Amino acid sequence: MNKRLAMESVLVTLLFIIGFAVWNVVQGMIMTMNYVPDLTNTATYGNPLQSKVAFGTIVRWDTTSMIMVVAGFVLLAAAYYGLRSGMQRWTQRS
């Protein structure tokens, strides 16, 4: 097993996951900046405006979800490792 390639696979997987999380945050910020509440229809129904806003979600980490996260990370890293090692073998033959 190529240690350098294994380390590269883990780092690329981490960067992919971090990039995905950052994209979700940026997308949420853009949606928040562009949101304009419809105040005209709210007043006609007689409902008071919401005074508290909840941010985020509640995530309960049980054993099954932790196993799924770790398995997904390992599978993504293994897929990258397999693709890169296959590409290296293919380019060495050419």
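Undergrad: Any details on the overall build of the protein chain? Residues and values, ideally.
TA: Along the backbone of the protein chain there are three helices and zero strands. Helices and strands in the protein chain line up, N terminus first, as α-α-α. When burial is assessed residue by residue, the protein chain has 7% of its 94 residues classed as buried. Counting every atom, the protein chain has about 8700 Å² of accessible surface; 70% of that belongs to carbon and sulfur.

Undergrad: Which residues make up the pattern of salt bridges, and what are the values?
TA: In total, this model carries two salt bridges according to the counting rule given. Note that Glu8 is salt-bridged to Arg4, the shortest N-O span being 3.6 Å. Separated by four residues within a single helix, Glu8 and Arg4 lie in helix 1 (residues 3–34), roughly one turn from each other. Taking the relative accessible area as the measure of exposure, Arg4 reaches 54% and is therefore exposed. Residues participating in the shared-partner salt-bridge network are Arg4, Glu8 and Arg84.

Undergrad: Give me the packing of helix 1 against helix 3 (residues 63–93): which residues, what numbers.
TA: Closest axis-to-axis distance for the helix 1/helix 3 pair is 9 Å, and the angle between their directions is 130°. Considered as vectors, helix 1 and helix 3 are oriented oblique to each other. For the pair helix 1 and helix 3, the crossing hand works out as right-handed. Here Arg4, Leu5, Ala6, Glu8, Ser9, Val10, Val12, Thr13, Leu14, Phe16 and Ile17 of helix 1 come into contact with helix 3, specifically with Phe73, Leu76, Ala77, Tyr80, Tyr81, Arg84, Ser85 and Gln88.

Undergrad: An account of a nonpolar patch on the surface is requested, with residue identities and associated values reported.
TA: A cluster of nonpolar side chains, namely Met7, Val10, Leu11, Leu14, Ile18, Val22, Trp23, Val26, Ile30 and Met33, defines an oily patch on the protein surface of about 940 Å² accessible area. By secondary structure assignment, the location of Met7 is in helix 1. Note on Met7: relative accessible area 51%, which makes it exposed.

Undergrad: So what's going on with the side chain of Glu8? Residues and values would help.
TA: Here Tyr80 takes part through its side chain, which lies 2.7 Å from a polar atom of the side chain of Glu8. If near-sequence neighbours (up to four positions away) are discounted, Glu8 is found in contact with Tyr80 and Arg84.

Undergrad: Help me get a handle on the confidence of the model for the protein chain, residues and values and all.
TA: When pLDDT is averaged along the protein chain, the result is 86; 88% of the residues meet or exceed 70. The least confident element of the protein chain, judged by mean pLDDT, is helix 2 (residues 39–45) at 66; the most confident is helix 1 at 93.

Undergrad: Lay out helix 1 in plain terms, naming residues and giving numbers.
TA: Given a rise of 1.5 Å per residue, 32 residues ought to cover 46 Å, and the 47 Å separating the end C-alpha atoms of helix 1 matches this to within 8%. For helix 1, every residue scored as buried is listed here: Leu5, Ala6, Glu8, Ser9 and Thr13. The inward-facing, buried residues of helix 1 contact helix 3. At the N-terminal end of helix 1, a side-chain oxygen is found 3.2 Å from the backbone nitrogen of Arg4, two or three residues along, and the residue is Asn2.

What counts as what
- Residues numbered from 1 in each chain as written.
- Predicted model: local features only at pLDDT ≥ 70, side-chain atom pairs only at ≥ 80, totals over all residues.
- Heavy atoms only, no water.
- Helix = DSSP H or I, 4+ residues; strand = E, 2+ residues; numbered from the N terminus.
- Buried < 20%, exposed > 50% of the residue type's maximum accessible area, 1.4 Å probe, protein only.
- Areas by Shrake-Rupley, 256 points an atom, 1.4 Å probe, with all protein chains shown as cover.
- Salt bridge = Lys/Arg side-chain N within 4 Å of Asp/Glu carboxyl O.
- Axes fitted to C-alpha atoms, helices over the stretch in contact; angles between N-to-C directions.
- Parallel < 35°, antiparallel > 145°, perpendicular 65-115°, else oblique.
- Left-handed = near helix turned anticlockwise from the far one by under 90°.
- Contact = heavy atoms within 4.5 Å.
- Patch = residues over 30% accessible without salt bridge, like charges linked within 9 Å, V, L, I, M, F, W, Y side chains within 5 Å.
- Polar contact = N/O pair within 3.5 Å; in protein donor to acceptor, adjacent residues only side chain to side chain.
- pLDDT = per-residue confidence, 0-100.
- Expected span 1.5 Å × (residues − 1).

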